[in-house]
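A structural walkthrough
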2 protein chains.
Amino acid sequence: MDTFGRHIVCELSGCDMSSLVDVEKIRNTMVDAARVAKAEVREAVFHQFFPQGIAGVSGVVILSESHLAIHTWPERNYAAVDGYTCGLHTDPHAACEYIAKMLGATNWVMTFIERGIPNANGQYAHVVMSEHEALAQPA
Amino acid sequence: MDTFGRHIVCELSGCDMSSLVDVEKIRNTMVDAARVAKAEVREAVFHQFFPQGIAGVSGVVILSESHLAIHTWPERNYAAVDGYTCGLHTDPHAACEYIAKMLGATNWVMTFIERGIPNANGQYAHVVMSEHEALAQPA
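Everything quoted here is computed from the prediction, not taken from an experiment.

**Observations concerning the packing of helix α2 (residues 23-36) of chain B against helix α3 (residues 92-102) of chain B**
All names here are of chain B. Across the interface, α2 lies against α3 with an axial gap of 8 Å and an inter-helix angle of 150°. Between α2 and α3, the crossing angle belongs to the class labelled roughly antiparallel. Once α2 is placed against α3, the crossing between them reads as right-handed. Facing Lys25, Thr29, Met30, Asp32, Ala33 and Val36 of α2, the residues of α3 in contact are Ala94, Ala95, Tyr98, Ile99 and Met102. Of the residues that constitute the contact of α2 with α3, the class distribution is 8 nonpolar, 1 polar and 2 charged.

Here it is as structure tokens:
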């Protein structure tokens, strides 16, 4: 697998509280999102918290091509999502859009990071772009 | 747990190949890094790949305060690391520095993202900063 990958850091607002507390729905959504991204699932681990208030969920899907991650705050209708996939065959933006739709998000902020970019000295860097900049790039 | 968190996206170069193939060392390093960050480990899942070439490792530690993630490319002496922790009691930079040291990295690039920042409409955003900008902030 090449080192080059695209990592989308995503804040989802206005999500359905009932979705954000439902660990099985979150797990299914994240695993399905991996398929939407054309990535291969290797491991999936999800954890439900039981605070005094409303129970949020944290979880990660490890892919052959990196990972998808989510943390939910049901009482704020908010989820923090990461979609990081290597390989030009994958589409992390499609995964994040799918997750946003499945959780009923009404607003989101996405930043794209192109990771694992080598220079001539064998050192790796990344480049940060706004969603607008990233989607305006030629395919 | 408050929604506010700091996420460090980190490329580590010049790492020891022997460390990057050692799934038990990677697991121990990431779990110890969580303790260095003053975060609480909930789950730890690591996966070793067996390609035709040199075997890399992917893994995640789910924290009470979000997650730490790593993907390694031993043949490139490269690791992509994420350190994302919520709560002002945590120090994701200390975690990333610890991981870099344990893997023998000779060069790294870090970008800091402050996540889960609410506005008056209940919508959440993030702010991206270079390592220099982030560490120059008043404590």
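What follows continues from the structure just given.
**Re the state of the cysteines**
All told, the structure shown has 0 disulfides over all chains when counted by the stated rule. Its sulfur unpaired, Cys10(B) is 5.1 Å from the next cysteine sulfur, which belongs to Cys96(B).

**Some points on the packing of aromatic side chains**
Enumeration according to the criterion identifies 4 aromatic pairs over all chains in this entry. Between the aromatic rings of Trp73(B) and Tyr78(B), the centroid separation amounts to 5.1 Å while the plane-to-plane angle is 35°, which identifies the pairing as tilted. The exposure class of Trp73(B) is buried, given its relative accessible area of 6%. Owing to a relative accessible area of 0%, Tyr78(B) belongs among the buried residues under this scheme. The cationic tip of Arg115(A) hangs over the ring face of Tyr84(A); the distance from NZ or CZ to the ring centre is 4.6 Å.

**Quick look at the sheet that holds strand β2 (residues 41-48) of chain A**
Residue and element names in this part refer to chain A. Pairing is antiparallel in the open sheet, where 7 strands are placed in the order β2-β3-β4-β5-β1-β6-β7. With one partner strand each, in any of the chains shown, β2 and β7 (124-130) form the two edges of the open sheet. Averaged over all neighbouring strand pairs, the angle between strand axes comes to 10°, with direction disregarded. Relative to β7, strand β6 (residues 107-118) is paired through 6 bridges, and the arrangement is antiparallel. Bridge pairing links Ile113 to Val128 in β7. Together, β2, β3 (57-63) and β4 (66-73) form the strand contacts of helix α2 (residues 23-36), whose direction differs from that of β2 by roughly 155°.

Conventions adopted
Residues numbered from 1 in each chain as written. Chains lettered and ligands numbered in written order. Predicted model: local features only at pLDDT ≥ 70, side-chain atom pairs only at ≥ 80, totals over all residues. Heavy atoms only, no water. Axes fitted to C-alpha atoms, helices over the stretch in contact; angles between N-to-C directions. Helix = DSSP H or I, 4+ residues; strand = E, 2+ residues; numbered from the N terminus. Parallel < 35°, antiparallel > 145°, perpendicular 65-115°, else oblique. Left-handed = near helix turned anticlockwise from the far one by under 90°. Contact = heavy atoms within 4.5 Å. Nonpolar A, V, L, I, M, F, W, Y, C, P; charged D, E, K, R; others polar. Disulfide = S-S within 2.5 Å. Phe/Tyr/Trp six-rings, centres within 6.5 Å; stacked < 30°, edge-to-face > 60°. Buried < 20%, exposed > 50% of the residue type's maximum accessible area, 1.4 Å probe, protein only. Lys NZ or Arg CZ within 6 Å of the ring centre and 35° of its normal. Pairing = 2+ DSSP bridges.

Geometric values such as these leave the question of function open.
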